Each structure stands twice: as C-alpha cells, then as structure tokens.
Amino acid sequence: MTRLIALLLALALALALPAAAAQAQHAQRQNNIELSQPWMRASLAGVPNTAAYMTIRTTDGKPDRLLRAESPVAGKVEMHTHIIENGVAKMRQVPAIDVPAGAAAELKPGGLHVMLLGVKGTLQDGERAPLTLVFERAGTVTLSVPVRKGMPGGHQH
Ligand SMILES: [Cu+2]
C-alpha cells in the first residue's frame, strides 16, 4: 500500500514538473513579487549598453517600489524611462519604479526599462544573464534573464 502511494506520488510529481517548468518561464515569484516574461536585449555590435524588460506585480495586494538593480554583466545598472523632448525620444534615469497595488509595472521597449551600461563582452541571443532587483518592501529578488534579439512572442511592430 505504501509502495502504491509512493508510486502515485512519483507519478503526480512527474506530471506536475513540466507544467511548473513551463509556468516558471512566464512568471516567477519571489518574496511578494511576481516577475513575468523577463528578457534582455542581445548586444548590438559595438554598443556596450542594453536593457532588460519585464512585468512586475506584487502578490500581496500592496504597492512596492523597485529601488535599484544590479548585474555582474554590466559596469553600471540604472532605471530609465523614455520621454519625448522636442519631438525626439530620449532616455531619462528615474530614481525608482513604482509597482502599484493591484496593477503591474510594465518595463518594455519605448518605456520604463532596466538599463545596463558598460556591458562586459557581448550578450548573445539564447544566453541568460543574472539580474538582481532591490525592492523597498520585498527586498532583494534575483533572476536569470533570457537574452533575446527582440521581444518574446514576436510582437515586433
Ligand atoms: Cu535606458
């Protein structure tokens, strides 16, 4: 009987694991933070800077703030947004990124992003790069960010 239960448990785990792995690609939860679809733009020839994007939510229904980010692949990591100045899109550093209660902070091309400056070497499509995010309430969240040539899902317009 015990053996049968062990067998059923093993079977249940075997069935659950691929689903969990697939889920982890789309969203990961750490502390009270859920990060969806993180990606980092692959290096362009001769450009030492790149950016990371993701959707950030809190899972406890309270707001939080992303205070800073760090990565060993970059000399410096900043948080940026895009502004339009005299008809020209420019990046501007922001002191923090707010994650509202019950809503998402969307970091995406043309908007808020994590800026990686002075990237060491090149980040190739298909690699992963470590990124640490420090939140006001949730504290430190570390993730492994897939490097891509473009936005996942192929919504490139
Ligand atoms: Cu930037």
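Notes on the structure follow. Computed from a predicted structure; not experimentally measured. (Residues numbered from 1 in each chain as written. Predicted model: local features only at pLDDT ≥ 70, side-chain atom pairs only at ≥ 80, totals over all residues. Heavy atoms only, no water.)

### Comments concerning unusual backbone geometry
(1) Moving on: The backbone of Gln37 shows a phi angle near 45 degrees, a positive value even though the residue is not glycine.
(2) Moving on: Inspection of the secondary structure puts Gln37 in strand E2 (residues 33–41).
(3) Moving on: Gln37 sits in the partly exposed class, given a relative accessible area of 42%.
(4) Moving on: Its identity as a non-glycine residue notwithstanding, Asn86 has a phi of 50 degrees, on the positive side.
(5) Moving on: Positionally, Asn86 belongs in the loop between strand E5 (74–85) and strand E6 (88–93). (Helix = DSSP H or I, 4+ residues; strand = E, 2+ residues; numbered from the N terminus. Buried < 20%, exposed > 50% of the residue type's maximum accessible area, 1.4 Å probe, protein only.)

### Here's the deal with the packing of aromatic side chains
(1) Moving on: In total, this model carries 1 aromatic pair according to the counting rule given.
(2) Moving on: Ring centres of Trp39 and Tyr53 lie 4.8 Å apart, and the angle between their planes is 35 degrees; this geometry places the pair in the tilted category. With Trp39 in strand E2 and Tyr53 in strand E3 (residues 50–58), the pair connects residues that are 14 residues apart, well separated along the chain. Tyr53 matches Trp39 in its accessibility class, with the two residues each being buried. (Phe/Tyr/Trp six-rings, centres within 6.5 Å; stacked < 30°, edge-to-face > 60°.)

### Re the coordination of the copper ion
(1) Moving on: Bound to the copper ion on the protein side are His80 (ND1), Met91 (SD), His113 (NE2) and Met115 (SD), at distances that span 2.1 to 2.3 Å.
(2) Moving on: Angles of 93 to 123 degrees at the metal separate the 4 donor atoms of the copper ion, which places the site in the tetrahedral class.
(3) Moving on: For the copper ion, all donor residues lie on one chain, and their spacing in sequence is H-x10-M-x21-H-x1-M. Of this pair, His80 sits in strand E5 while Met115 sits in strand E9 (residues 113–119); the two residues are 35 residues apart in sequence, bridging distant segments of the chain.
(4) Moving on: Note on Met115: relative accessible area 7%, which makes it buried. (Donors = N, O, S within 2.8 Å, 3.2 Å for Na, K, Ca; no water. Tetrahedral: all angles 85-135°; square planar, octahedral: opposite > 155°, others 65-115°.)

### Description of the side chain of Thr55
(1) Moving on: You can see Thr55 is positioned in strand E3.
(2) Moving on: For Thr55, the residues in contact, after removing those within four places along its chain, are Glu34, Leu35, Ser36, Ala104, Ala105 and Glu106. (Contact = heavy atoms within 4.5 Å.)

### Regarding the nonpolar core
(1) Moving on: If you look at the biggest cluster of nonpolar residues, it comprises 31 residues, and the most contacted ones within it are Ile56, Leu133 and Phe135.
(2) Moving on: Excluding its chain neighbours within four sequence positions, the residues that come into contact with Leu133 are Leu35, Met54, Leu66, Arg68, Ala69, Gly139, Thr140, Val141 and Leu143. (Core = buried A, V, L, I, M, F, W, Y, C linked by side-chain atoms within 4.5 Å.)

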